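# Residue-level structural notes
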Amino acid sequence: MSLRFRLLIAVAVIAVVALIGAGIATYSEFGSYLNGQVDTTLQAADVPIETCLNQGGHLTVSLVEESVPGIFAEVRTPAGHVIASVPATDEDRQLDANLDRPALPARIPGLAGMRPSSRPAGPVSDACADTLGNEPPPQVTTTSGAAVSTPESPEASHLGEGTYFTTPATRPDEPAYRVRASLLANGDVLILGSPLTATGDTLSRLLLIELGVSGAALLLALALGVLLVGIGLRPLVEVEQTAELIMDGDLEARVPDRFRARTEMGRLTRVLNRMLGRISDEFQERDRTERALRRSESRMRQFLADASHELRTPIAAVSAYSELFSRGADSRPEDLTRILSGIQNETARMSRLVADLMLLTNLDEGWPLQHRPVELVALCADAVHAAEAVGSDWPVDLIATEPVEVSGDEARLRQVVDNLLSNVRSHTPAGTGCTLRLYRDATDAVIEVADHGPGLGPEGLERVFERFFREDTSRARASGGAGLGLAIVKAIVEAHGGSVVALATPGGGATFRIRLPAVPDAADAPDGPG
Ligand SMILES: Nc1ncnc2c1ncn2[C@@H]1O[C@H](COP(=O)(O)OP(=O)(O)OP(=O)(O)O)[C@@H](O)[C@H]1O
Ligand SMILES: [Mg+2]
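Rules of the game
- Residues numbered from 1 in each chain as written.
- Chains lettered and ligands numbered in written order.
- Predicted model: local features only at pLDDT ≥ 70, side-chain atom pairs only at ≥ 80, totals over all residues.
- Heavy atoms only, no water.
- Near = heavy atom within 4 Å.
- Polar contact = N/O pair within 3.5 Å; in protein donor to acceptor, adjacent residues only side chain to side chain.
- Areas by Shrake-Rupley, 256 points an atom, 1.4 Å probe, with all protein chains shown as cover.
- Helix = DSSP H or I, 4+ residues; strand = E, 2+ residues; numbered from the N terminus.
- Nonpolar A, V, L, I, M, F, W, Y, C, P; charged D, E, K, R; others polar.
- Axes fitted to C-alpha atoms, helices over the stretch in contact; angles between N-to-C directions.
- Parallel < 35°, antiparallel > 145°, perpendicular 65-115°, else oblique.
- Left-handed = near helix turned anticlockwise from the far one by under 90°.
- Pairing = 2+ DSSP bridges.
- Contact = heavy atoms within 4.5 Å.
- Buried < 20%, exposed > 50% of the residue type's maximum accessible area, 1.4 Å probe, protein only.
- Lys, Arg positive; Asp, Glu negative; His and termini not counted.
- Salt bridge = Lys/Arg side-chain N within 4 Å of Asp/Glu carboxyl O.

### Some thoughts on the site of ligand 1
Contacts to ligand 1 come from 20 residues, most closely from Arg352, Asn423, His427, Leu484 and Leu486. The separation between an oxygen atom of ligand 1 and a polar main-chain atom of Glu471 is 3.0 Å. Between ligand 1 and Leu484 there is a distance of 2.8 Å, counted from an oxygen atom to a backbone nitrogen or oxygen. In isolation ligand 1 offers 590 Å² of accessible surface; the protein chains occlude 95% of this area. Listing elements by their share of the shell around ligand 1, those giving two or more residues are α9 (410–427), α12 (485–495) and β12 (510–517). Of the residues contributing to the shell around ligand 1, the split by class is nine nonpolar, six polar and five charged.

The following block contains the structure:
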């Protein structure tokens, strides 16, 4: 069952219960009010009749008609024997049938303990006088036969004490009666009854009106309920639409935020949007991680392919030399020398390649580096001496005005400078000048190797630190490099928390600039020992 339907049923049940409650209350209150009106009429009729009967008059149609027309009246002995009875309707009176009478019980309720009315003094009314005839006023006796004394003053007499009750209709064409019973001065019971024909009609009409109005009100409540439930559920529809958008791939879709933060819908919207934001962030993060993983996987595959390719050349060369050897080159001393030196060169190249690959793999895995103070000017001076010893055709200028200290692994940092200087020898023509500059830049130690050789193209500047990248393959191959030197430079520098970039030297050539976090100079340190 849908939520909308359930809410509508709830609205209908509440409306029906409220309408039935209101209907019952109105009906019974109005019924009591009408009975009160009839009771007032009976009370008014009682006064002249009771007065007359207490003065010795008889119950006659004219006495009843004089008081209130159309009511039933009866006098009974305390034992219930009917002394006189006046029917309520003319038809009954003419027929002397007394069909139209209340269904009275044998014992009238509410009389026990009631005081009998007292016999009033004063003149007898005209209507009463007609009922007296020539008889003297009867001696008023109590039910026990004792004489009742006539009250001395009118104030002492009392009338109007009576008990009221309703008798039901005994036949469908007869009305119910509202009945008043009181005790006369002689102890007899005076019963007055007013048919409730008009009251019954009024109440039936009220019931019809209530049913009609309640039906209309129920329909109106349902129509309003449909409208309000529709408005109330709109935010849920929006949540559903947002969920559908997200399912279709729009991760940025959010529930429209149109409600105040204090309202339930406002809070729900905000919480949902926050949750969606978090899910979408995590999804994007996972996406990024997956893409990075895929990239690194493909780089790894490329790396392995390149590494095996690089190893294949020296292995092929060594096997070619051994082939020559087996074909009898060992008997020719000049060939033997060539073969041996060739095998030595190729194995040296292989072992360098394997050492480079090992180093890169170790750095990738977060190989722990030493962290000791390293003075870079001294380190660079050693590297320059070594470079000039290996290739004196590539003069190197070392420019450093102050000691620059970093914390790191001296051997690896030396390898960085060696690789850069060896690249100058490998990738620039003999006689190319080169400058190695060392300085501090704020908190960084900067090592800059700038040459005036052919330099790098735009693609080279961008990709030169990739593994196995060689800009001019034929020439690089001739120089014997595998394309790992700068990748190693980058890995070592980054393991020291630094960075390296390749730039074009103004006026032509290539510049490699390395930044490493410098150890603060003792003189610069604010709290330095002084
Ligand atoms: N100073 C330079 N001038 C011009 N090109 C350079 C310079 N240094 C590097 N390159 C280019 O960058 C490429 C990558 O250099 P890298 O040092 O990584 O490899 P390699 O020198 O070729 O081989 P390896 O260093 O592994 O022996 C070189 O092949 C070369 O094309
Ligand atoms: Mg190199």
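### Observations concerning the packing of helix α6 (residues 264–326) against helix α7 (residues 333–364)
One can describe the packing of α6 onto α7 by two numbers: an axis separation of 9 Å at closest approach and a directional angle of 160°. Considering their axes alone, α6 and α7 lie roughly antiparallel with respect to each other. For the crossing formed where α6 meets α7, the hand is left-handed. Broken down by class, the residue content of the contact of α6 with α7 amounts to 18 nonpolar, three polar and four charged.

### A closer look at the sheet that holds strand β4 (residues 177–183)
If you walk across this open sheet you meet the five strands as β2-β1-β5-β4-β3, and the pairing is antiparallel. Edge strands, defined here as strands with exactly one partner in the open sheet, are β2 (82–86) and β3 (163–167). Neighbour to neighbour, the strand axes of the sheet diverge by 20° on average, direction disregarded. Pairing analysis gives seven bridges linking β4 to strand β5 (residues 189–195), with the strands arranged antiparallel. Among the inter-strand pairings, Ser182 is bridged to a residue of β5, identified as Leu190. Where helix α1 (residues 3–54) meets the sheet, its contacts fall on β1 (72–76), β3, β4 and β5, and the angle it forms with β4 comes to roughly 35°.

### Some words on the environment of Asp418
Inspection of the secondary structure puts Asp418 in helix α9. Considered as a pair, Asp418 and Gly485 are 67 residues apart in the sequence and their alpha carbons are 9.4 Å apart.

### Examining the pairing of β12
Judged from the seven bridges that link them, strand β10 (residues 444–451) and β12 form a sheet pairing that is antiparallel. Bridge assignment links Ala445 to a residue of β12, and that residue is Leu516. The pairing of strand β11 (residues 499–504) with β12 spans six bridges and is antiparallel. When the bridges of β12 are listed, Val501 appears paired with Arg513. Adjacent in sequence and paired antiparallel, β11 and β12 are bridged by five residues, among which Gly507 carries a positive phi angle near 90°.

### A look at the side chain of Glu50
Here Glu50 lies in helix α1. Buried Glu50, no salt bridge; nearest opposite-charge side chain is Arg180, N-O distance 4.1 Å. Here Ser182 takes part through its side chain, which lies 3.1 Å from a polar atom of the side chain of Glu50.

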